[in-house]
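An overview of the molecular structure
In case you want the letters, here they are:
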Amino acid sequence: MIVEPSELAGDVAEQQRRVEAIVARGPGGAFALAGVAAAIVMLCWLVFFFGVFVGRGGGN
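The structure presented is a predicted model; accordingly, all values stated were derived computationally and were not measured.

Helix and strand counts for the protein stand at 3 helices and 0 strands. Taken from the N to the C terminus, the helices and strands of the protein come in the order α-α-α. Burial analysis of the protein (60 residues in total) assigns 0% to the buried set. Counting only carbon and sulfur atoms, one obtains 71% of the accessible surface of the protein, whose full area is about 5,500 Å².

Rendered as structure tokens:
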């Protein structure tokens, strides 16, 4: 991590409060990325299913 000179002057308690505020927001980006990836996988599966199996009369 790159440490700026202004960050070295702050006290430890203030830095700890900043870290706790960031952690309290939670992993929202990770959940959003996982949701988008799962949606893409399901969309690909549906396209494949309807394009191959249903298109060839897979129900019979």
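After that view, the rundown keeps rolling.
Per-residue pLDDT for the protein has a mean of 83; in total, 78% of the residues score no lower than 70. In the model of the protein, helix H1 (residues 5-9) stands out as the element of lowest mean pLDDT, 57, in contrast to helix H3 (residues 28-54), which has the highest, 93.

We now examine helix H2 (residues 12-24). Relative to the 18 Å expected for 13 residues at 1.5 Å per residue, H2 spans 18 Å between its end C-alpha atoms, a close match to the ideal helical length. One or two residues past the end of H2 sits glycine 26, with phi positive at roughly 80°.

Moving on to the pattern of salt bridges. Side-chain pairs of opposite charge can arise where the charged atoms are in close proximity. Scanning the model with the defined rule gives 1 salt bridge in all. For the salt bridge of glutamate 14 with arginine 17, the shortest nitrogen-to-oxygen distance reads 3.1 Å. Here arginine 17 and glutamate 14 lie together in helix H2, a separation of 3 residues that amounts to about one turn.

Calculation notes
- Each residue is numbered by its place in its chain's sequence as written, counting from 1.
- A pLDDT threshold of at least 70 governs which residues receive local features in this predicted model, and a stricter bar of 80 or more applies before side-chain atom pairs are shown or counted, although totals over entire chains, interfaces and linings include all residues.
- Hydrogens and water are ignored here; the side-chain numbers use all heavy atoms of the structure.
- Runs of E in the DSSP output that reach at least two residues are strands. Runs of H or I that reach at least four are helices, and both are numbered from the N terminus.
- Throughout, exposure labels follow a simple rule: accessible area from a 1.4 Å probe, protein chains only, divided by the maximum for the residue type, with under 20% read as buried, over 50% as exposed, and the rest as partly exposed.
- Here the open area of atoms and residues is found with the Shrake-Rupley method and a 1.4 Å probe, where only the protein chains shown may cover a residue.
- Think of pLDDT as the predictor's per-residue confidence, scored from 0 to 100.
- What a helix is expected to span follows from its residue count: subtract one and scale by 1.5 Å.
- When a carboxyl oxygen of Asp or Glu lies within 4 Å of a side-chain nitrogen of Lys or Arg, that pair is called a salt bridge.

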